[in-house]
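What follows is the residue order along each chain.
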Amino acid sequence: MAVSTCTRTPAELGSTVVQQAPALLAQLALLTLLTVTTGLGPAGWAVGVAYLLGLLVLLTQGAWRIRVYRLGPADQVTLARAALIGTVTALVADRLGGHPQLTLIVPIAAVALALDALDGYVARRTGTVSALGARFDMEADAFLILVLSVLAATTVGPWVLAIGLMRYAFVAAARLWPWLRAPLRPSRARKAVAALQGIALTAGVAGFAPVVLAGIAVATLSWSFGRDVWWLYRNRAA
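Residues numbered from 1 in each chain as written. Predicted model: local features only at pLDDT ≥ 70, side-chain atom pairs only at ≥ 80, totals over all residues. Heavy atoms only, no water.

J.: Looking at this structure, how should I read the overall build of the chain?
T.: Along the backbone of the chain there are nine helices and zero strands. In sequence order, the secondary structure elements of the chain are arranged as α-α-α-α-α-α-α-α-α. For a compact globule of 238 residues, the expected C-alpha radius of gyration is about 18 Å, and the chain comes in at 19 Å, within 12% of that figure. Dimensions of the chain along its principal axes, counting C-alpha atoms only, are 50 × 45 × 35 Å. Burial statistics for the chain: of 238 residues in total, 40% are counted as buried. (Helix = DSSP H or I, 4+ residues; strand = E, 2+ residues; numbered from the N terminus. Rg over C-alpha atoms; globule rule 2.2 N^0.38 Å. Buried < 20%, exposed > 50% of the residue type's maximum accessible area, 1.4 Å probe, protein only.)

Given below as structure tokens:
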């Protein structure tokens, strides 16, 4: 992805930030509602606000980097999903901090997972498919899987963290071996395995055969990454 060397004006900065405001305000409203209804504690608020600031900075930088100063309709859907993911993150942090509330994590995570198919559909229908949108969608998915794997690890065991960390390990490895950064061929199996991770972790957190589902998720994800790495290795010269 090329890095723009153009001068970034205050108007462009304002446009990118303002477009994110509804989703950011929606997450703040959700955190406030959770504080009133479930007693969301300081740990949840600290992590939730940190997530908001991180999302604002990273998305703005990503938009600047490829000179996109207006988010499309599909990006707004992903922003709404990101707000739900931030809420799940705050709830998980609160639970790890000793707060017993768990009931709302599963339904909010389920809605975030269900919306995953909507942003791609909106992008195709409106003709606004973009590299920024695809990357934003992928990073949102990866972070939700990481958060859910952290929560699942508290009951199933630390080995479940492999589900959330595998993608980030791949990114780190690509810094050492450039051939890992080559484009992958399209694969329905890869998409199906990626979707399975969130479903399996959410169902496991809800109490449905957590060890079995986590085991299936780790096995299928390992197979998918292993297959892609092997394909990239064999085609590294090209």
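Let's pick the thread back up.
J.: Which parts of the structure should I look at to understand unusual backbone geometry?
T.: Trans is the prevailing form of peptide bonds, just as negative phi is the prevailing case for residues other than glycine. A positive phi angle, close to 45 degrees, is found at A209, a residue other than glycine. By the element assignment, A209 lies in the loop between α8 (188-205) and α9 (210-234).

J.: I keep staring at the packing of helix α3 (residues 73-96) against helix α4 (residues 105-114) and nothing clicks. Help me out?
T.: The relative placement of two packed helices is expressed as an angle between their axes plus a distance between the axes. At a minimum axis distance of 9 Å, the contact between α3 and α4 shows a crossing angle of 155 degrees. With respect to α4, the axis of α3 lies roughly antiparallel. The crossing of α3 and α4 is left-handed. Contact with α3, carried on its side by R81, L84, I85, T87, V88, L91 and V92, involves I105, I108, A109, V111 and A112 of α4 and no other residues of that element. Of the residues that constitute the contact of α3 with α4, the class distribution is ten nonpolar, one polar and one charged. (Axes fitted to C-alpha atoms, helices over the stretch in contact; angles between N-to-C directions. Parallel < 35°, antiparallel > 145°, perpendicular 65-115°, else oblique. Left-handed = near helix turned anticlockwise from the far one by under 90°. Contact = heavy atoms within 4.5 Å. Nonpolar A, V, L, I, M, F, W, Y, C, P; charged D, E, K, R; others polar.)

J.: Help me understand the pattern of salt bridges, please; the structure alone is not making it clear to me.
T.: Side-chain pairing between opposite charges can occur once the charged atoms of the two side chains come close. Considering all chains together, one arrives at six salt bridges under this definition. For R81, the salt bridge goes to D116, with nearest N and O atoms at 3.3 Å. Of this pair, R81 sits in helix α3 while D116 sits in helix α5 (residues 116-126); the two residues are 35 residues apart in sequence, bridging distant segments of the chain. We classify R81 as buried; its relative accessible area is 1%. Given the relative accessible area of 27%, D116 is considered partly exposed. Residue R190 is joined to D228 by a salt bridge in which the shortest nitrogen-to-oxygen separation is 2.8 Å. Of this pair, R190 sits in helix α8 while D228 sits in helix α9, and the two are 38 residues apart along the sequence. Here the residues in one salt-bridge network are R81, D116, D137 and D141, joined through shared partners. (Salt bridge = Lys/Arg side-chain N within 4 Å of Asp/Glu carboxyl O.)

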